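Okay, here's what each chain looks like letter by letter:
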Amino acid sequence: MDRRSPQNILVWPSSEVHGSMGAKKSEVFLPLSVDPLAVFLSGIPGLEESRIWISIPLGIMYVIAILGNSIIIHIMHKNPSLHEPQYVFLSLLAATDIGMAASTLPTVLNVQYFLLNHRRIEFHGCLAQMFFIHTFSSMESAILLAMAFDRFVAICNPLRYTVVLTHSRIIQMGLAAVARGVALMAPLPILLKRLPFCKNIILTHSFCFHPDVMKLACASIRVNIIYGLALILCSFGVDSVFVFLSYTLILKTVLGIASREGRLKALNTCVSHIVTVLIFYVPLIALALIHRIGKYHSPLPHVTMSNIFLFLTPVLNPLVYSVKTKQIRRALRRLFVLKVG
């Protein structure tokens, strides 16, 4: 006789857990656990039956993100003329974008790809994925700040540009971005590990995201909420403020240039970075507000904004710099001419 009470049973559509290969029943029952061994991921709400159409653009986006950023790193390495600080920072940004894409790739394709539809991930694997997603996000924010500082020095104090931004200093800034990301994000899985989960975890995303996992705990999450808010303010918040201040000073300097051509030339060197900053911070701010302020019955707004933040940023960054930077366009043409020849 099964003594499990109704509250100790989790109802889950069998087509979502096992796929649709000959399943006669529409639901399966999963026993609940205080210490979850597995996490169940979800696709885009309401579009579960359209996985075949979603998986194709997702696959294309991952190819563009990984291949595009790898090509950027390759041409930076092979062209001595692109070893300037501005392009070294761009290489660091491309490497971080590859890390962000690779962090979500395994579970997103497992869930969305129409031949797989595999939604189960081990709990510790989920925590590891969450750590890497948030760490690479923090690293990207720090690198965008470093790139803003690069533009500030280049425009406001050009005579000291090569003195201030030496290769050793750039390496130190890159290592500082990695160290900060790891130090700030390492407590996240530790804080989640201490919480009891009185049910199997069914996430609203196709990857493990800290606010998503945190809200499914059956104990007080006050510490997690406070730390998450402090983390956002101390990393993304501080970075965005300094980026804004950098461009305020840049704009003040540019307006002081006498010729219109000089002003346009100075601003043109910043366009790619400004677009990249907007691509990164606008979805991030919207996502933070939705998770902490927005109250929705449907998880669709949360899922949509998190997908835009994590998927579009690695895809659009190499496209933006390839289109807007003349030196990169020239190097790309030489690369493909050599390949064809």
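A short tour of the structure in this document, coming up. Not measured: the values here are computed from a predicted model.

Examining the packing of helix α6 (residues 167–185) against helix α9 (residues 222–255)
Alright, step 1. One way to put it is that α6 packs onto α9 with a least axis distance of 11 Å and a crossing angle of 165 degrees. Of the possible angle classes, the one that applies to α6 and α9 is roughly antiparallel. Taken as a pair, α6 and α9 cross one another with a handedness that is left-handed. Contacts from R180, A183, L184 and M185 in α6 reach Y227, L231, C234, S235, F236 and D239 in α9.
Alright, step 2. Tallied by class, the residues present in the contact of α6 with α9 amount to seven nonpolar, one polar and two charged.

Observations concerning the pattern of salt bridges
Alright, step 1. Under the counting rule described, the total for this entry stands at two salt bridges.
Alright, step 2. Its salt-bridge partner being D150, residue R151 comes within 2.9 Å of it at the nearest N-O pair. Accessibility assignment for this pair places R151 and D150 in one class, buried.
Alright, step 3. Put simply, R180 and D239 hold a salt bridge, and the shortest N to O gap is 2.8 Å. Here the residue R180 occupies a position in helix α6, and D239 occupies one in helix α9, the gap between them amounting to 59 residues.
Alright, step 4. For R180, a relative accessible area of 21% corresponds to the partly exposed category.
Alright, step 5. We classify D239 as buried; its relative accessible area is 2%.

Examining the packing of helix α4 (residues 123–156) against α9
Alright, step 1. Between α4 and α9, the least distance of the axes is 9 Å, while the angle of their chain directions is 15 degrees. The pairing of α4 with α9 is recorded here as roughly parallel in orientation. α4 and α9 meet at a crossing whose hand is left-handed. In this structure, α4 uses S137, S138, S141, A142, L144, L145, A148, R151, F152, I155 and C156 to contact α9, whose residues at the interface are S235, F236, D239, F242, V243, S246, Y247, L249, I250, T253 and V254.
Alright, step 2. Considering only residue class, the contact of α4 with α9 consists of 14 nonpolar, six polar and two charged.

A look at a positive patch on the surface
Alright, step 1. The grouping of K265, K324, K326, R329, R330, R333 and R334 at the surface amounts to a positive patch.
Alright, step 2. Counting residues per element, the positive patch draws most heavily on helix α13 (residues 326–340), at five residues.
Alright, step 3. For R330, the location among the structural elements is in helix α13.

Side note on the nonpolar core
Alright, step 1. If you look at the biggest cluster of nonpolar residues, it comprises 79 residues, and the most contacted ones within it are V39, L203 and I328.
Alright, step 2. Ranked by residues supplied to this core, first place goes to α4 with 16 residues.
Alright, step 3. In this view, V39 contacts R119, R120, I121, F123, C126, I201 and L203; residues no more than four positions away in its chain are not counted.

Some points on α9
Alright, step 1. Between its terminal C-alpha atoms α9 stretches 47 Å, which fits the 50 Å expected from 34 residues at 1.5 Å a residue.
Alright, step 2. At G237, α9 shows its maximal kink, close to 30 degrees.
Alright, step 3. Within the sequence span of α9, burial applies to N224, G228, L231, S235, F236, D239, V243, S246, Y247, I250 and V254.

A word on the packing of aromatic side chains
Each aromatic ring pair is described using two quantities: the centre-to-centre distance and the angle formed by the ring planes.
Alright, step 1. For the structure on display, the rule yields 10 aromatic pairs.
Alright, step 2. Geometrically, the ring pair formed by F207 and F209 is edge-to-face, given 6.2 Å between the ring centres and 90 degrees between the ring planes. In this pair, the class of F207 matches that of F209, namely buried.
Alright, step 3. A connected cluster of aromatic rings, assembled from ring pairs, spans Y62, F207, F209 and F311.

So, how was this worked out
- Residues numbered from 1 in each chain as written.
- Predicted model: local features only at pLDDT ≥ 70, side-chain atom pairs only at ≥ 80, totals over all residues.
- Heavy atoms only, no water.
- Axes fitted to C-alpha atoms, helices over the stretch in contact; angles between N-to-C directions.
- Helix = DSSP H or I, 4+ residues; strand = E, 2+ residues; numbered from the N terminus.
- Parallel < 35°, antiparallel > 145°, perpendicular 65-115°, else oblique.
- Left-handed = near helix turned anticlockwise from the far one by under 90°.
- Contact = heavy atoms within 4.5 Å.
- Nonpolar A, V, L, I, M, F, W, Y, C, P; charged D, E, K, R; others polar.
- Salt bridge = Lys/Arg side-chain N within 4 Å of Asp/Glu carboxyl O.
- Buried < 20%, exposed > 50% of the residue type's maximum accessible area, 1.4 Å probe, protein only.
- Patch = residues over 30% accessible without salt bridge, like charges linked within 9 Å, V, L, I, M, F, W, Y side chains within 5 Å.
- Areas by Shrake-Rupley, 256 points an atom, 1.4 Å probe, with all protein chains shown as cover.
- Lys, Arg positive; Asp, Glu negative; His and termini not counted.
- Charge placed at Lys NZ, Arg CZ, Asp CG, Glu CD.
- Core = buried A, V, L, I, M, F, W, Y, C linked by side-chain atoms within 4.5 Å.
- Expected span 1.5 Å × (residues − 1).
- Bend = angle between axes of the 7 residues up to and from the residue.
- Phe/Tyr/Trp six-rings, centres within 6.5 Å; stacked < 30°, edge-to-face > 60°.

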